[in-house]
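Residue-level structural notes
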Amino acid sequence: MRILFLVTSHNGLSQRLYCELVSDNQEVQIHVLDTDEQTISVVEDYLPDLIIAPFLKAAIPKLIWEKYVCLIVHPGIVGDRGPSALDWAIMRKEAIWGVTILQAAEDMDAGDIWASEEFEMRNATKSNLYRHEVTQAASSAIKKAIANFKNKSFEPQVLDYNHPSVKGNWNDPIKRKDRTFEWSDTTTSIIRKVQAADSSPGLLETRIFDEPLYMYGAHPESILKGQPGEIIAKRNGAICVGTGDGSLWITHLKKKKGGVKNKSANVINSLLIEVPEAPLDAFDSYKGQDTFREIWVEEDGDVLYINFDF
């Protein structure tokens, strides 16, 4: 088949799907969306059998989706609609999430459904889930959708919110107010908001630093305690901040204006002069179950497990 990828950028997901389909002997061409006129010209020149949008932040021109079947890879369960699918799934503690392959239509994410795949949610950042569970589910779902497209007797499922299998719904784009927090909130709730904004745009903090900073890489801490918003320790470039019921580690920060994401200690070094170090070697045992360290070792009989998280 002649397949055309329409993408906002050729990201990790679209690269993975490209490799998968080429290995299945499909002919795949990639077009990064620019103007509608340019996109229409590319489609008319290539004359694809099928158009797939693995990663798209703009609408496909109506002249294209009226003439060709255009399949959108949406990182949400059947019925989920809107551009902040993973953000809301993490914030709402969804146990099961998925990827839906749906046909481009007039209304956003409201087209007929060609395939879907679900997965169990992990306690991880948005970017980590996207690179692993979402990408794997998308690979499986897009192959199902292509098989269904080849099957002339297949009829895609019309989106019907009265159907019991449709569990998603419309979600507005997530806004800064949806991610607001207080350091007196629980550690778990703050970490979820960091994870839902990691790696883009990051969770904005405006209280304890000299200027607004985006936070990344949140890890719970079981032993160290402090007042909400108090920077109580530092380790390997990360900082430990007190919360309403304990504390958490923030590994990276970025200035809101013109900043570069860097280790927290490198961004706010002047605020950490009197903050004590809390060193923890990779081989050290830790009484608490939760903390932050980039490398740690676990021993099980004659087997030594080396864990690393950079």
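Check the entry above for the structure.
So, how was this worked out
- Residues numbered from 1 in each chain as written.
- Predicted model: local features only at pLDDT ≥ 70, side-chain atom pairs only at ≥ 80, totals over all residues.
- Heavy atoms only, no water.
- Salt bridge = Lys/Arg side-chain N within 4 Å of Asp/Glu carboxyl O.
- Helix = DSSP H or I, 4+ residues; strand = E, 2+ residues; numbered from the N terminus.
- Pairing = 2+ DSSP bridges.
- Polar contact = N/O pair within 3.5 Å; in protein donor to acceptor, adjacent residues only side chain to side chain.
- Axes fitted to C-alpha atoms, helices over the stretch in contact; angles between N-to-C directions.
- Parallel < 35°, antiparallel > 145°, perpendicular 65-115°, else oblique.
- Left-handed = near helix turned anticlockwise from the far one by under 90°.
- Contact = heavy atoms within 4.5 Å.
- Nonpolar A, V, L, I, M, F, W, Y, C, P; charged D, E, K, R; others polar.
- Core = buried A, V, L, I, M, F, W, Y, C linked by side-chain atoms within 4.5 Å.
- Buried < 20%, exposed > 50% of the residue type's maximum accessible area, 1.4 Å probe, protein only.
- Expected span 1.5 Å × (residues − 1).
- Arc of directions from axis to C-beta.
- Bend = angle between axes of the 7 residues up to and from the residue.

With the rule as written, the count across this model stands at 14 salt bridges. Here Glu27 makes a salt bridge to Arg2, at a shortest N to O gap of 2.9 Å. Of the two residues, Glu27 is situated in strand S2 (residues 27-32) and Arg2 in strand S1 (residues 2-7); the sequence distance between them amounts to 25 residues. The shortest N-O distance in the salt bridge between Glu20 and Arg16 comes to 2.8 Å. Highlighted residues: Glu20 and Arg16, both in helix H1 (residues 12-23), separated by four residues, approximately one helical turn. Several salt bridges converge on common partners, so that one network encompasses Arg16, Glu20, Asp24 and Lys143.

This next bit is on the pairing of strand S13 (residues 295-300). If a strand is regular, its side chains alternate between the two faces of the sheet. The pairing of S13 with strand S14 (residues 303-308) spans six bridges and is antiparallel. For Asp300, the partnering residue across the bridge sits in S14 and is Val303. Between S13 and S14, which pair antiparallel and follow one another directly, the connecting turn spans two residues, one of which, Gly301, has a positive phi of 65°.

With that settled, consider the side chain of Asn11. Along the chain, Asn11 turns up in the loop between S1 and H1. A distance of 3.0 Å separates a polar atom in the side chain of Asn11 from a polar atom in the side chain of Tyr130.

Between two packed helices, what matters for the description is the angle formed by their axes and the separation of those axes. Closest axis-to-axis distance for the H1/helix H5 (residues 126-150) pair is 10 Å, and the angle between their directions is 40°. By the angle between their axes, H1 is oblique relative to H5. By crossing handedness, the relation of H1 to H5 is classed as right-handed. Counted together, Leu13, Arg16, Leu17, Glu20 and Leu21 of H1 and Tyr130, Thr135, Gln136, Ala138, Ser139, Ile142, Lys143 and Ile146 of H5 form the full contact between these two elements. Classifying every residue of the contact of H1 with H5 by side-chain character gives seven nonpolar, three polar and three charged.

The subject of this paragraph is the nonpolar core. Of all hydrophobic cores here, the largest spans 38 residues; its most connected members are Ile52, Val73 and Ile101. Only S1, H1, strand S3 (50-53), strand S4 (70-74), helix H4 (85-91), strand S5 (96-103), strand S6 (113-120) and H5 provide two or more residues apiece to this core. Broken down by element, the residue count for this core peaks at ten residues, all from H5. Excluding its chain neighbours within four sequence positions, the residues that come into contact with Ile101 are Leu71, Ile72, Val73, Asp112, Ile113, Trp114, Ala115, Ala141, Ile142 and Ala145. Val194, Phe209, Ile250 and Leu272 belong to the second largest nonpolar core, which has 20 residues in total.

A cis geometry characterises the amide bond from Asp198 onward to Ser199, with omega recorded as 20°. In this structure, Ser199 sits in the loop between helix H6 (187-196) and strand S7 (203-205). You will see that Asn25, though not glycine, has its phi angle at about 70°, which is positive.

Further remarks concern H1. Taking 1.5 Å of rise per residue, the twelve residues of H1 would be expected to cover 16 Å, and the 17 Å separating its terminal C-alpha atoms lies within 8% of that figure. Considered for burial, the residues of H1 that qualify are Leu13, Ser14, Leu17, Glu20 and Leu21. Down the axis, H1 shows its buried residues gathered within 125° of arc, on one side only. Turned more than 90 degrees off the buried face of H1, the exposed positions are Gly12 and Ser23. Buried residues along H1 sit in contact with S1, S2, S3, S4 and H5. Between the side-chain oxygen of the N-cap and the backbone nitrogen of Leu13 there are 3.2 Å, and the N-cap of H1 in question is Asn11. Note on H1: the residue one or two positions beyond its end, Asn25, has a positive phi of about 70°.

Across its 25 residues, H5 extends 33 Å between first and last C-alpha, which sits within 8% of the 36 Å expected from 1.5 Å per residue. Taken as a whole, H5 carries its principal kink of about 35° at Val134.

Without other data, these values stay purely geometric and don't point to any function.
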